[in-house]
Amino acid sequence: MSLENRHAVEIAHMERVLRSYGGVLTRARLFDECGACHWPVLDTFRAALEEGIASGRLRALGDELIEVPAEEEAESRRAAAG
């Protein structure tokens, strides 16, 4: 699996976890709830999280909190990104 595909799967998992907890978690709690300590590549959580934020699929609220945008907002960003 390519790194790009792996990150897409990991970001989708982060989105599901965030939605299951009301849409917002701390970075540390998201790491724990995603089971990222068991992911096959050591630094992939941080890299996937940064990619998710850059793509608009996830949003940083300050230094510690991460949220998943509403479904409609996320779909608009994906459509605009092409």
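Everything quoted here is computed from the prediction, not taken from an experiment. (Residues numbered from 1 in each chain as written. Predicted model: local features only at pLDDT ≥ 70, side-chain atom pairs only at ≥ 80, totals over all residues. Heavy atoms only, no water.)

S.K.: Mind showing me how you'd approach the nonpolar core here?
M.R.: One broad rule of soluble globular proteins: the nonpolar side chains tend to lie buried together. Among the nonpolar cores identified, the biggest contains 15 residues, and Met-14, Leu-18, Leu-30, Phe-45 and Leu-49 are the most heavily contacted of them. No other element matches the four residues that helix 1 (residues 3–20) contributes to this core. (Core = buried A, V, L, I, M, F, W, Y, C linked by side-chain atoms within 4.5 Å. Buried < 20%, exposed > 50% of the residue type's maximum accessible area, 1.4 Å probe, protein only. Helix = DSSP H or I, 4+ residues; strand = E, 2+ residues; numbered from the N terminus.)

S.K.: Teacher, can you tell me more about the packing of helix 1 against helix 2 (residues 27–34) here?
M.R.: How two helices pack is summed up by the angle between their axes together with the distance between the axes. Running from N to C, helix 1 and helix 2 cross one another at 110°; their axes reach a closest spacing of 10 Å. What the angle tells us is that helix 1 and helix 2 run roughly perpendicular. Only Leu-30, Glu-33 and Cys-34 of helix 2 make contact with helix 1, whose side of the interface consists of His-13, Met-14, Val-17 and Leu-18. Residue composition of the contact of helix 1 with helix 2, grouped by class: five nonpolar, one polar and one charged. (Axes fitted to C-alpha atoms, helices over the stretch in contact; angles between N-to-C directions. Parallel < 35°, antiparallel > 145°, perpendicular 65-115°, else oblique. Contact = heavy atoms within 4.5 Å. Nonpolar A, V, L, I, M, F, W, Y, C, P; charged D, E, K, R; others polar.)

S.K.: Where do I start with the sheet that holds strand 2 (residues 59–61) in this structure?
M.R.: The strands making up a sheet associate through backbone hydrogen bonding, with each pair oriented either parallel or antiparallel. Across the sheet, which stays open at both edges, the three strands sit in the order 1-3-2 with antiparallel pairing between neighbours. Each edge of the open sheet carries a strand with a single partner, namely strand 1 (24–26) and strand 2. Along the sheet, successive strands turn relative to each other by an average axial angle of 30°, direction set aside. Summarising the sheet, strand 1 and strand 3 (residues 65–67) pair through three bridges and their orientation is antiparallel. Its bridge partner being in strand 3, Val-24 is matched across the sheet by Glu-67. (Pairing = 2+ DSSP bridges.)

That is the geometry; function is a separate question.
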